[in-house]
Amino acid sequence: MIQKKEKKIPVKGVSEKPVKETVCSGCNRKRPHANKSKKLCSTCVKKASEEKAKERRAAKREKKRMSISQLTKKLDAIFSLFIRLEGANKQGMVKCFTCDGVHHYKAIQNGHFQSRRFMSTRFDPLNCAPQCYACNVGMSGMQYEFGIRIDAKYGNGIADLIVQKSKLVQKFTPEEMLEMIEYFKEKVDKFKKQKDIFD
């Protein structure tokens, strides 16, 4: 006579396998991982997803709201701050690239070796340096001296390469400009933190 195997009936509320306790890396609570690679619980996964969706919607609204000219103005401002803060000390003082005069980073300007009208080099850090008002405006940027000092700082021939690059036609998309704005914002925040500049 063939004996039938009895099916094991699970007892309600009792797990057959021991449940391994996991800690969510987002909220640090003991919860099972919904996302095993990032070790996040379902609540944190949902929260992260909502935040990303919110950022995407905000970025989309920003793109629609701002024109190329507005983005250029915004990028000019954050890029100028980046150039001036990069060479500043912890007191916020920075040396003029072409005359060596020392000024507070708020009282100095972002000088361009090749004119700002050339978009291909307008936001190129090699083409830019802190300049005092007298050199940048009064002496029209002191381009010859600027070029000599670029070669001295970065290597012979770099100034000529920048001149060649400036002749290239460059048109940035709104997306590219927003990316550059975010990139230089991060750099500015890093410089301020490193140099204890909070104003």
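Owing to the predicted nature of the structure, the values given are computational and were not obtained by experimental measurement.

1. Some details on the overall build of the chain
A count of helical and extended segments in the chain gives seven helices and four strands. Across the 199 residues in the chain, those meeting the buried criterion constitute 32%. When contacts within the chain are restricted to residue pairs at least 6 apart in sequence, those whose partners lie at least 24 apart make up 57%. In the structure as shown, the chain presents an accessible area of about 14,500 Å², 55% of it carried by carbon and sulfur atoms.

2. Focus on the side chain of Ser120
Counting through the fold element by element, Ser120 comes out in helix 3 (residues 119–122). Polar side-chain contacts of Ser120 include one of 2.7 Å to the backbone oxygen of Lys165. At 3.3 Å, the side chain of Ser120 forms a polar contact with the backbone oxygen of Ser166. Excluding anything up to four places from it in sequence, Ser120 contacts Lys165, Ser166, Lys167, Leu168 and Gln170.

3. A few points about helix 7 (residues 174–194)
The first and last C-alpha atoms of helix 7 sit 30 Å apart over 21 residues, in line with the 30 Å expected at 1.5 Å per residue. Every buried residue belonging to helix 7 is among Met177, Leu178, Met180, Ile181, Phe184, Val188 and Phe191, and all of these are buried. What you see down the axis of helix 7 is that its buried residues fit within an arc of 155°, all on one side. Exposed side chains of helix 7 directed beyond 90 degrees from the buried face belong to Glu179, Glu186, Asp189 and Lys193.

4. Some remarks on helix 6 (residues 158–166)
Taken together, the buried positions of helix 6 are Ile158, Ala159, Ile162 and Ser166. Angular distribution of buried residues about the axis of helix 6 spans 100°; they occupy a single face of the element. Residues of helix 6 that are exposed and point more than 90 degrees away from the buried face comprise Asp160 and Gln164. If you follow the buried residues of helix 6, they end up packed against helix 3 and helix 5 (143–154).

5. Let's talk about the pattern of salt bridges
Across all of its chains, the model carries seven salt bridges by this definition. A salt bridge links Lys165 to Asp124, with the nearest nitrogen and oxygen atoms 2.9 Å apart. With a gap of 41 residues between them, Lys165 in helix 6 and Asp124 in the loop between helix 3 and strand 4 (128–131) connect regions that are remote in the sequence. You can call Lys165 partly exposed: its relative accessible area is 34%. Connected through salt bridges with shared partners, the residues Asp76, Arg116 and Arg122 form a single ionic network.

6. Regarding unusual backbone geometry
Unusually for a residue other than glycine, Asp100 sits at a positive phi of about 70°. Even without glycine at this site, Asp196 takes up a positive phi of about 55°.

The rules we used
- Residues numbered from 1 in each chain as written.
- Predicted model: local features only at pLDDT ≥ 70, side-chain atom pairs only at ≥ 80, totals over all residues.
- Heavy atoms only, no water.
- Helix = DSSP H or I, 4+ residues; strand = E, 2+ residues; numbered from the N terminus.
- Buried < 20%, exposed > 50% of the residue type's maximum accessible area, 1.4 Å probe, protein only.
- Contact = heavy atoms within 4.5 Å.
- Areas by Shrake-Rupley, 256 points an atom, 1.4 Å probe, with all protein chains shown as cover.
- Polar contact = N/O pair within 3.5 Å; in protein donor to acceptor, adjacent residues only side chain to side chain.
- Expected span 1.5 Å × (residues − 1).
- Arc of directions from axis to C-beta.
- Salt bridge = Lys/Arg side-chain N within 4 Å of Asp/Glu carboxyl O.

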